[in-house]
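Structural features, examined
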Amino acid sequence: MLPLVLFSDDTSGNKTKKWHKMELWNLMLAGLPRHINSRHENIHFLSCSDLVSSLEQSKPIAQQLTLLETEGVVVYDSLYDEDVLVVAPLLCIVCDNPMASQLCNHLVGGTALMFCRICMAKRTVNPDVVCERRTRSSALQQIAEILAQPTERDKVEKRKEFGLNEHENPLLHIPADMFQSTPVEVLHTMGLGAIKYLLEELMPKMNARQKKEILARLRAFNTSGMQVKLYGNVCQYYQSFLGRDFKAWAQMAIFIISPYLDEGQKAVLLCLSKLFQITYCEFYETDLSNEWQRVCQEFVDAIKIHMPHLLQRKKTHLLLHLVHCMHEFGPSSAFNAERFESFNSKVRAYNVYGNRHSPSHDIAHHFSVLQQLRYICHGGMFDENGRCGNALKDLFFSKHTLHNMCGIPIKELLQHKQIYQPGAGRKGMKGSYTLSALPLVSEGALVTTLQNLQHLSYRVKLTGVTCTDKVSGYNAVVARDFSTVNCGEYIRVSTLNAETQYGILLGVFKTSSGMVHCLVQGFDSLLSAGGQPLLNEFDCPLVELSNDVFTTSSDSILKAVSIVHDCSNTCVFQESASVQTMERERVVCNQLDSSAPTSSSSRAAPTATSSSSRAAPTATSSSSRAAPTATSSSSRAAATSRGRSIATCTSPTTGTSSIDTSAPTTTSPAASLAAATTTHMAPMARTRPPRP
């Protein structure tokens, strides 16, 4: 049994801005492990054309799908050395909303009255509820009723009434129900839908001063834990955002712009943060389906109360069907479109470097040859006893061939090396150090060096190590999830009793015995008088920097997390100027810095942080109550900031669920956390650089 996932989309055949529309079909096995289902080698090309639409291309595809599900195909299994019957039913078809409507014979258009392809909701009557679901049998009856109308005018009225058209559609006759097999795609519905709508709704209402402060707050956030970072003037160029930019913005928006919103806008943004968290969950839990559906309904209700003009958007209503789609097909990572969208670059490349005489034929020929080569080089039999030799196998499985032909990233191909294994030290320091003179990050740490080992607690004892012993210093370490965690980042550490603790990675060193150790300062959760965890206004747990500074083995570092600083009461904005090089000219620019007040001497030094600093807003895990989405970065505004909290949120690349994201990293770990931010630049003076 091999369930299939199909993908249909339109893309451009050119690399330039000139649009050359090509519609294509791709295929992927639905049962692949999550860590390899995004590789290009596991996505298979079916067809494409710049003349024939996806619906017209689907006729032979529908015939093959019916054959695979009803009768199956007999193939030879080389592992068992016998023939086996393969049955491959269709699990779902992944596509954007216009393409999904086209494949379901649903009326495409932003002004359609029956604007939902999944249920019978009407735009002007009940867009905030889930109505009777569409089925293939009812749709075929409605299409037959449309065809039975005597005049074109009567047909138009019936089309508006049912929200369907009567065009011939081979996909309506396959065993799968198309109306329930086109799930809500989160990239176009969430990222390019709800998040984009709110950003376009809120940003134009900000005045010039607020925009400068928003940029200062945004640039004070250290986004080293995020796979996607926002660059440039976000307040000016947000209309040019891509899906990954909206995903990154959603993780930090609640902490950046909440001081500038009224209560209604803040309520909508908070509901969006909760919805974002469950949208990119890693695991779907059936026990929480009712609670997650309530989160979706709360967001739509908040839109209805505070921003009613957004309620009639089709993508807003489709979010009500998200949990049902996750119940049918698993977490959203199982039916996201990012992996297929990136595969479009291969189709585009074959078209660009072809002769353009017959694009669809040439592209299909290229993929066919590549598929045959992969089959032969993986040990497939092409004669009665014919197999390829070891030399051809070695050539095919070299890292450059796998990278160029199969699309496997070089980093994944090198993960077997020792320096990429969990616990390995990275970014080694130059020179040799004694243990007492090893440079350490000192963000509120009780020690700046390891001169007194007796003041440390040990998770792994430094047996036979003294302060005068030579050690090798590192600026980073590889965590268990194979990510690189830099010194100064917030981490999640595994303890000896299989529990976890959050802390700051202060330093990494390797002793003469070859063991790599990490110096960590832990966080303690703030508790109420009744022993319950204290929460902030966003229902996020509060933590404080503890007096526990300990050493632990490097392989106990699980991953980087986000502990977000609350700068609402401690940080101030101040004008400053910086010199930047723009187009080979040095330009003095005005900027607004977000930093902590320096009224006390303890706040002036980065190593003299108060241990009772409180935590700032972030989100809780998706398996618990739906808290706001966490940012995957931290506002490093002040060493003495009173405000941090644990963040668990999604990893935006893989399109996966709520996980602990990376914590912020300082560019200069020993520097003060009152980092200056470059914002709204206004040139003041220009000087030409000296000639070489």
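To be clear, the structure that these remarks concern was listed above.
Residues numbered from 1 in each chain as written. Predicted model: local features only at pLDDT ≥ 70, side-chain atom pairs only at ≥ 80, totals over all residues. Heavy atoms only, no water.

**So, the overall build of the protein chain**
Each helix and strand counted, the protein chain has 18 helices and 25 strands in total. Taken over 692 residues, the protein chain has a buried fraction of 52%. Summarising the internal contacts of the protein chain: among those between residues at least 6 apart in sequence, 69% fall at separations of at least 24. Within the structure as shown, the protein chain displays about 31600 Å² of accessible surface, and the carbon and sulfur contribution to it stands at 52%. (Helix = DSSP H or I, 4+ residues; strand = E, 2+ residues; numbered from the N terminus. Buried < 20%, exposed > 50% of the residue type's maximum accessible area, 1.4 Å probe, protein only. Contact = heavy atoms within 4.5 Å. Areas by Shrake-Rupley, 256 points an atom, 1.4 Å probe, with all protein chains shown as cover.)

**A closer look at the environment of Leu-311**
By the element assignment, Leu-311 lies in the loop between helix H10 (289-306) and helix H11 (314-318). Overall, Leu-311 belongs to the buried group, its relative accessible area being 9%. Sequence-wise, Leu-311 and Asp-128 are 183 residues apart; in three dimensions their C-alpha atoms are separated by 7.2 Å. Every residue in contact with Leu-311, bar those within four places of it in the chain, is listed here: Pro-127, Asp-128, Val-300, Ile-303, Lys-304 and Thr-316.

**Remarks on the side chain of Ser-54**
Relative to the helices and strands, Ser-54 is located in helix H1 (residues 54-70). Once you skip the residues sitting within four places of it in the chain, Ser-54 turns out to touch Ser-8, Asp-9, Glu-23, Leu-24, Trp-25 and Met-99.

**Here we look at the pairing of strand E6 (residues 90-94)**
Among the 5 residues of E6, 4 are classified as buried, and the element is accordingly described as predominantly covered. Sheet topology places strand E1 (residues 4-12) next to E6; 4 bridges connect them, and they run parallel. The residue bridging Leu-4 from the neighbouring strand is Leu-90, located in E6. (Pairing = 2+ DSSP bridges.)

**A word on the sheet that holds E1**
The 4 strands are arranged E3-E2-E1-E6 in an open sheet whose pairing can be described as mixed. Of all the strands in the sheet, the pair left with one neighbour each is strand E3 (43-49) and E6. This sheet shows a mean twist of 20 degrees between the axes of neighbouring strands, independent of strand direction. As defined by bridge partners, strand E2 (residues 21-29) adjoins E3 across 6 bridges and the pair is classed as antiparallel. Note that in E3 the partner of Asn-26 across the bridge is Phe-45. Along the sheet face, H1 touches E1, E2, E3 and E6 and points at about 15 degrees away from the line of E2. Contacts from helix H14 (residues 359-377) reach E2 and E3 within the one sheet, and its direction differs from that of E3 by about 165 degrees. (Axes fitted to C-alpha atoms, helices over the stretch in contact; angles between N-to-C directions.)

**Looking at the pattern of salt bridges**
What the rule picks out here adds up to 13 salt bridges. Notably, a salt bridge pairs Lys-21 with Glu-23, separated by 3.3 Å at the nearest N-O pair. Residue Glu-23 is classed as buried on the basis of its relative accessible area, which comes to 8%. The shortest N-O distance in the salt bridge between Glu-291 and Arg-294 comes to 3.8 Å. With Glu-291 and Arg-294 both in helix H10 and 3 residues apart, this pair spans about one turn of that helix. Residue classification places Arg-294 among the partly exposed positions, given a relative accessible area of 39%. (Salt bridge = Lys/Arg side-chain N within 4 Å of Asp/Glu carboxyl O.)

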